Amino acid sequence: MRISDVVRRKGAEVVTVKPDESVERLLAILAEHRIGALVVSEDGETVGGIVSERDVVRHLHRDGPEILQAPVSRIMTADVRTCGPDIPIEELARTMTEHRIRHVPVVVDGRLHGIVSIGDVVKHRIAELQAERDQLVGYIQQ
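Residues numbered from 1 in each chain as written. Predicted model: local features only at pLDDT ≥ 70, side-chain atom pairs only at ≥ 80, totals over all residues. Heavy atoms only, no water.

A.B. asks: Can you help me understand unusual backbone geometry in this one?
C.D. replies: Excluding glycine, residues mostly carry a negative phi; peptide bonds, for their part, are mostly trans. Backbone geometry places R34, a non-glycine residue, at a positive phi of 55°. Inspection of the secondary structure puts R34 in the loop between α2 (23–33) and β2 (37–40). Positive phi values are uncommon outside glycine, yet D109 reaches one of about 50°. With respect to the element layout, D109 can be found in the loop between β4 (103–108) and β5 (111–117). (Helix = DSSP H or I, 4+ residues; strand = E, 2+ residues; numbered from the N terminus.)

See below:
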């Protein structure tokens, strides 16, 4: 299974935030969409960074509540690991584990095409294992 399969099943819609939006606004968007991270983008198509709930918590602890009025660009990760749609899910799972990241934007020709979370990867791996199990049970019962 490839990343394109995950994106096709979950949908290619990616919620983004502009780098000059406030962290407080970021939190509102995360809550509204019930998600854990946003791609930071000036135009909604290119990846300028990524920011997660964990980034907010770390900066809130370090900098105090005034961080809520700061721009997202102050707390985002600018060096974003991305992937293409044709890589195998297992490869992305390994990358996410090795680098301790939970969200990876999917990019095609420099444009944002989707986002994959570690939860998406686990969900699809469980579905694969269930399908294999069902096939084996069917084979044994023949």
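A.B. asks: So what exactly am I meant to see when it comes to the environment of V106 here?
C.D. replies: Position of V106 relative to the elements: it lies in strand β4. Residue classification places V106 among the buried positions, given a relative accessible area of 0%. Along the backbone, V106 and D86 are 20 residues apart, and their C-alpha atoms lie at a distance of 9.8 Å. With sequence-adjacent residues up to four places away left out, V106 is seen in contact with I3, V7, C83, G84, P85, R111, L112, H113, G114, I115 and V116. (Buried < 20%, exposed > 50% of the residue type's maximum accessible area, 1.4 Å probe, protein only. Contact = heavy atoms within 4.5 Å.)

A.B. asks: Just to check I follow, could you spell out a positive patch on the surface for this structure?
C.D. replies: A grouping of R54, R58, R100 and R102 is seen on the molecular surface, where their side chains present a positively charged patch. Within the element layout of this structure, R102 appears in the loop between α4 (89–99) and β4. (Patch = residues over 30% accessible without salt bridge, like charges linked within 9 Å, V, L, I, M, F, W, Y side chains within 5 Å. Areas by Shrake-Rupley, 256 points an atom, 1.4 Å probe, with all protein chains shown as cover. Salt bridge = Lys/Arg side-chain N within 4 Å of Asp/Glu carboxyl O. Lys, Arg positive; Asp, Glu negative; His and termini not counted. Charge placed at Lys NZ, Arg CZ, Asp CG, Glu CD.)

A.B. asks: Explanation requested: the pattern of salt bridges in the structure shown.
C.D. replies: Side chains carrying opposite charge are able to pair once their charged atoms draw close together. Scanning the model with the defined rule gives eight salt bridges in all. For R62, the salt bridge is made with D63, and the minimal N-O distance between the two is 3.1 Å. Of the charged contacts in the structure, one is a salt bridge between R133 and D134, with a shortest N-O distance of 3.1 Å. Linked through salt bridges whose partners overlap, the residues forming this network are D43, E45 and R111.

A.B. asks: What is the right way to read the sheet that holds strand β3 (residues 49–52) from this model?
C.D. replies: For sheets, the rule is that strands pair by backbone hydrogen bonds, running either parallel or antiparallel. Here three strands make up an open sheet; going across it, the order is β1-β2-β3 and the pairing mixed. Each end of this open sheet is capped by a strand with a single partner; those strands are β1 (16–17) and β3. Bridge analysis of β2 against β3 gives four bridges, and the strand direction is antiparallel. For V40, the partnering residue across the bridge sits in β3 and is G49. Sheet contacts for α2: β1, β2 and β3; angle to β2, the most-contacted strand, approximately 125°. (Pairing = 2+ DSSP bridges. Axes fitted to C-alpha atoms, helices over the stretch in contact; angles between N-to-C directions.)

A.B. asks: Looking at this model, I keep getting lost on the packing of α4 against helix α5 (residues 118–141). Mind explaining?
C.D. replies: Relative placement of two packed helices is described by the angle separating their axes and the distance separating the axes. Relative orientation of the contacting elements α4 and α5 amounts to 140°, with a least axis distance of 10 Å. The orientation of α4 relative to α5 falls into the category oblique. The way α4 lies across α5 gives a crossing that is left-handed. For the pair formed by α4 and α5, the contact residues are I89, E90, L92, A93 and M96 on the first element and I118, V121, H124 and E128 on the second. (Parallel < 35°, antiparallel > 145°, perpendicular 65-115°, else oblique. Left-handed = near helix turned anticlockwise from the far one by under 90°.)

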